[in-house]
Amino acid sequence: MPSRRFILPVGKKISMMNPDLKVVADSDPVIGLEAKYFTNRDIYRRIVDEVFYKNWLLACHSSQLRKPGDFLTLEIYDQDIILTHTREGALKAFYNVCQHRGHKLAEGSGNKKLLVCPYHAWSYDLQGKLKAAPHANKVPGFDSSKICLTEIRLENFLGFLFINLDPDCQSMDETYPGIREEMLKLCPDVEQRQHAYQHTADEGCNWFVAVENYNECYHCAHCHPAFARGIIDPGSYSITPYADIQVLHHTSEPSHSDETWYDVSGADYGSFFLWPASSIQFYPGGVVNSFTWRPLAVDDVRVFRTFYSNNGEVDETLQKVIDNDRETTFQEDLNIVKEVQRGLNSRGYKPGPLVLNPEGGINNELPIHKLHEWLKAAID
Ligand code: FES
Ligand SMILES: [Fe+2]
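It should be emphasised that the depicted structure is a prediction, and the values quoted were computed from it without experimental measurement.

What the protein chain contains, in helices and strands, is 9 helices and 19 strands. What you see for the protein chain is a C-alpha radius of gyration of 22 Å, in line with the 21 Å of a compact globule of 380 residues. Summarising its shape, the C-alpha atoms of the protein chain cover approximately 75 × 50 × 40 Å along the three principal directions. A buried classification covers 35% of the 380 residues belonging to the protein chain. In the protein chain, once contacts between residues fewer than 6 apart in sequence are set aside, the share between residues at least 24 apart is 61%.

Take the domain arrangement of the protein chain next. Domains assigned within the protein chain are domain 1 (19-55 + 176-379) and domain 2 (57-156). Each of domain 1 and domain 2 was reduced to a C-alpha centroid, and the two centroids are 33 Å apart. Every contact between the two is made by 13 residues of domain 1 and, on the other side, 8 residues of domain 2. Where the side of domain 1 that touches domain 2 is concerned, the elements lending two or more residues are helix H2 (41-52), strand S13 (194-202) and strand S18 (287-297). Tallying contributions element by element places S18 first for the side of domain 1 that touches domain 2, with 4 residues. Residue composition of the side of domain 1 that touches domain 2, grouped by class: 5 nonpolar, 7 polar and 1 charged.

Each strand in a sheet pairs with its neighbour through backbone hydrogen bonds, running either in the same direction (parallel) or in the opposite one (antiparallel). Read across the open sheet, the 7 strands follow the order S3-S12-S11-S6-S5-S4-S7; overall the sheet is antiparallel. Looking at the sheet topology across the chains shown, the edges are occupied by strand S3 (57-61) and strand S7 (109-111). Each neighbouring strand pair of the sheet contributes to a mean axis angle of 30°, computed without reference to strand direction. Both strand S5 (residues 79-85) and strand S6 (residues 91-95) contribute to a ladder of 5 bridges, which runs antiparallel. When the bridges of S6 are listed, Leu83 appears paired with Ala93.

Among all positions in H2, only Tyr44, Ile47 and Val51 are buried. The arc that holds the buried residues of H2, viewed along the axis, is 60°, so those residues lie on one side. The exposed set on the far side of H2, more than 90 degrees from its buried face, consists of Arg41, Asp42 and Arg45. On its buried face, H2 is in contact with helix H9 (366-379).

Turning next to the nonpolar core. Core analysis: the largest hydrophobic core is formed by 83 residues, its most contacted members being Ala59, Leu83, Phe162, Ala210, Val211, Val247 and Trp293. Ranked by residues supplied to this core, first place goes to helix H5 (residues 207-214) with 6 residues. Beyond its immediate sequence surroundings of up to four residues, Ala210 is in contact with Glu203, Cys205, Trp293, Val301, Val303 and Val337.

This paragraph deals with helix H8 (residues 316-344). For an α-helix the count is 3.6 residues per turn, leaving residues at separations of three or four pointing the same way. With 29 residues, H8 ought to run about 42 Å at 1.5 Å a step, and its terminal C-alpha atoms sit 41 Å apart, in line with that. The largest bend in H8 comes to about 40°, at Arg326. Within H8 the residues assigned to the buried category are Val321, Ile322, Asp325, Thr329, Asp333, Val337, Gln341 and Leu344.

Now for the sheet that holds strand S9 (residues 123-125). If you trace the 3 strands from one edge of the open sheet to the other, you get S8-S9-S10, paired in antiparallel fashion. What marks the edges here is a single partner per strand, and that holds for strand S8 (114-116) and strand S10 (130-132). Sheet twist, expressed as the average angle between the axes of neighbouring strands with direction ignored, equals 40°. Taken together, the 3 bridges between S8 and S9 define a ladder with antiparallel strand orientation.

Right, let's get into the environment of Leu33. On the secondary structure map, Leu33 appears in the loop between strand S2 (22-24) and helix H1 (36-39). A count of 18 C-beta atoms within 10 Å places Leu33 in the partly exposed class. Along the backbone, Leu33 and His369 are 336 residues apart, and their C-alpha atoms lie at a distance of 8.7 Å. In this structure, Leu33 is in contact with Pro351 and His372, ignoring residues within four places of it in sequence.

With respect to the secondary-structure elements, Leu105 resides in the loop between S6 and S7. What makes Leu105 buried here is the crowd of 26 C-beta atoms within 10 Å. Separated by 44 residues in the primary sequence, Leu105 and Leu149 have C-alpha atoms spaced 9.9 Å apart. When residues no more than four places from it in sequence are discounted, the contact partners of Leu105 are Ile82, Asn96, Val97, Cys98, Leu115 and Cys117.

With that settled, consider the environment of Ala90. Residue placement: Ala90 occurs in the loop between S5 and S6. Each C-alpha atom of the pair Ala90 and Gln127 lies 8.5 Å from the other, and the pair is 37 residues apart in sequence.

What counts as what
- Residues numbered from 1 in each chain as written.
- Chains lettered and ligands numbered in written order.
- Predicted model: local features only at pLDDT ≥ 70, side-chain atom pairs only at ≥ 80, totals over all residues.
- Helix = DSSP H or I, 4+ residues; strand = E, 2+ residues; numbered from the N terminus.
- Rg over C-alpha atoms; globule rule 2.2 N^0.38 Å.
- Buried ≥ 20, exposed ≤ 12 C-beta atoms within 10 Å, placed from the backbone.
- Contact = placed C-beta atoms within 7 Å.
- Domains from an automatic or database assignment.
- Nonpolar A, V, L, I, M, F, W, Y, C, P; charged D, E, K, R; others polar.
- Pairing = 2+ DSSP bridges.
- Axes fitted to C-alpha atoms, helices over the stretch in contact; angles between N-to-C directions.
- Arc of directions from axis to C-beta.
- Core = buried A, V, L, I, M, F, W, Y, C linked by C-beta atoms within 7 Å.
- Expected span 1.5 Å × (residues − 1).
- Bend = angle between axes of the 7 residues up to and from the residue.

What follows is the structure, given as structure tokens:
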């Protein structure tokens with residue numbers, strides 16, 4: 001199949017308006033991804049192993065683990081994870097599995113001095129060290145000091161806690177260089193934010209359908225009129241991939257319409273999608289919110305939609321933003337992605353050309369093309 005190549009200046013973000021961008025094209029458009037990447041169970045399993053178990057994923061916010069003893073559990077597909085705040089003041093992440101015979105160690109979230117396994121009551125401190133194992137003192141050679149939970153890489157990135165199941169991974173700043181600074185430029189006080197509200201939904205589609213849908217606004221005018229009028233300015237909106245890192249940067253001036261959801265003056269809209277499945281998003285005026293997607297099955301994914309505020313409370317304005325977002329954009333996308341998943345299983349579906357508009361702007365599927373490249377590079 002003929003391909004279109006984007007020649008990018010190394011280290012620079014692509015801007016479709018950027019004169020540095022040279023698009024080398026032949027006469028045929030770029031075709032979308034074959035349905036098997038969204039529907040085939042073997043490919044899905046490979047994606048879980050190669051993408052979800054080897055990249056940084058947004059786990060939660062540091063404000064959810066404020067006090068020593070706080071813990072929180074989550075799942076990345078079939079891996080149970082626990083995050084803890086130790087008595088010594090460190091934040092840690094572990095596989096949430098007892099080192100005796102494999103029972104899950106903890107459920108939900110809360111505050112505890114010790115994590116006691118529900119099966120035979122082995123207990124661990126929040127640094128993951130085995131503290132007690134009933135009757136083990138009768139076992140010759142049993143050395144509890146050698147037994148601890150298996151630790152996972154964890155980083156606090158401007159207050160957001162990211163985990164990576166690959167022990168040899170690069171740091172967040174090496175993986176996404178310059179993004180910390182870009183976020184601080186847009187929202188200098190982002191680190192003062194606290195977790196305020198979260199809702200979730202099982203989307204009934206492959207994770208990549210949801211991630212693709214999030215990363216293009218070609219459908220916004222048609223599907224999201226409230227978002228296109230209430231938050232962003234469609235005339236200045238664009239989503240631009242970086243040349244050499246796996247980040248998609250959504251940018252826009254605030255809405256200039258008279259149908260804004262709140263006072264959107266001040267900082268612009270910006271969103272940073274961090275491959276493969278996390279996005280930290282700034283609505284105009286510094287309303288910080290995030291998305292993260294965790295795979296459930298080849299045809300299901302759970303999205304976590306989270307909003308942050310300076311005191312962890314939801315005031316009237318934030319409540320309005322949450323409600324408007326949930327009732328319009330969020331719900332509209334849920335309807336779309338379910339239908340796409342069904343369509344991808346259709347015997348009649350043949351992937352069509354992507355709308356790669358050399359002039360950039362909102363009606364452009366260049367980020368979709370980049371996502372396809374990143375997925376294929378990971379698994380093919
Ligand atoms: S499996 Fe946890 S104590 Fe036995
Ligand atoms: Fe959408």
